[in-house]
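# Structural description and commentary
Spelled out, the chains give:
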Amino acid sequence: MPGQIAANVKDEFNVPYLTLLKEIYTRRGDANKLMAVVSEMLPFTFSIDDYKYVASALPETEQQKLRLRLLNRTKRISNSSNPAAAEFSFALLLHEKKYSKMVREIRSDTTFGIILKYFDPMFQYDKVGLLDAMLDKSDRLWYSNPEHEADEQVFPELFDIVVKSYDSNLLLKSIRAKLNHNGYAFGNRFVKYVKQRLIP
């Protein structure tokens, strides 16, 4: 790689330069150099389109190795430092049509923005599991994400789609199950938001 890349201390600092090279090699139609650059970027950008591009050129066994390396890497990277890493597993499972696994992928550090973005396919294949995952999701790691306040901005849109998608009795029953005997919501902030909108 050029000297500018070699001079960088951390590999992720190379991404802007690699992005420029990607644009150049794409315009030139230089497939070999483009593949090399995209492969080097992928562990930092977690672009699903780049993943599909690289994987399409690999034999099946190497595809599986690439898949595993990237998924393991997403688990080691905090969502706050690389939001694309947090979303990659959902984008990959959607690409693989493993919709029920997407629901099981919802964790404390999964943003509500990601849930909203992938709501439709998860709802179609496991609507009960999706509702449980949304309402049971802990806020424990969510608060450590500096974007958590911005993530609250999706609550109105997520609420609208939840209300339209679920039977009102089921939704009310599920929300009430998250309330303590004094009527206060516990769990995540979306539960509290839904409670405020549905239950006086």
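Conventions we followed
Residues numbered from 1 in each chain as written. Predicted model: local features only at pLDDT ≥ 70, side-chain atom pairs only at ≥ 80, totals over all residues. Heavy atoms only, no water. pLDDT = per-residue confidence, 0-100. Contact = heavy atoms within 4.5 Å. Core = buried A, V, L, I, M, F, W, Y, C linked by side-chain atoms within 4.5 Å. Buried < 20%, exposed > 50% of the residue type's maximum accessible area, 1.4 Å probe, protein only. Helix = DSSP H or I, 4+ residues; strand = E, 2+ residues; numbered from the N terminus. Expected span 1.5 Å × (residues − 1). Arc of directions from axis to C-beta.

## Some details on the confidence of the model for the chain
Looking at the chain as a whole, the pLDDT averages 85, with 82% of positions reaching at least 70. Of the regions scoring below 50 in pLDDT, residues 1-9 engages in 12 contacts with residues more than four places distant in sequence or in other chains.

## Some points on the nonpolar core
By size, the foremost hydrophobic cluster in this structure holds 56 residues, and its most contacted members are Tyr51, Leu130, Met134, Leu158 and Phe190. The leading source of residues in this core is helix H9 (residues 119-136), at eight residues. Not counting residues within four places of it along the chain, the set of residues in contact with tyrosine 51 comprises Leu42, Gln63, Leu66, Arg67, Leu70, Phe88 and Leu92.

## Some remarks on helix H2 (residues 15-28)
Its 14 residues place the ends of H2 20 Å apart at the C-alpha level, agreeing with the 20 Å of an ideal helix rising 1.5 Å per residue. Of all the positions in H2, only Val15, Tyr17, Leu18, Leu21 and Tyr25 are classed as buried. With its buried residues spanning 150° around the axis, H2 presents them on a single face. Among the exposed residues of H2, those oriented more than 90 degrees off its buried face are Pro16 and Arg27. Positive phi appears at glycine 29, one or two residues downstream of H2, with a value of about 75°.

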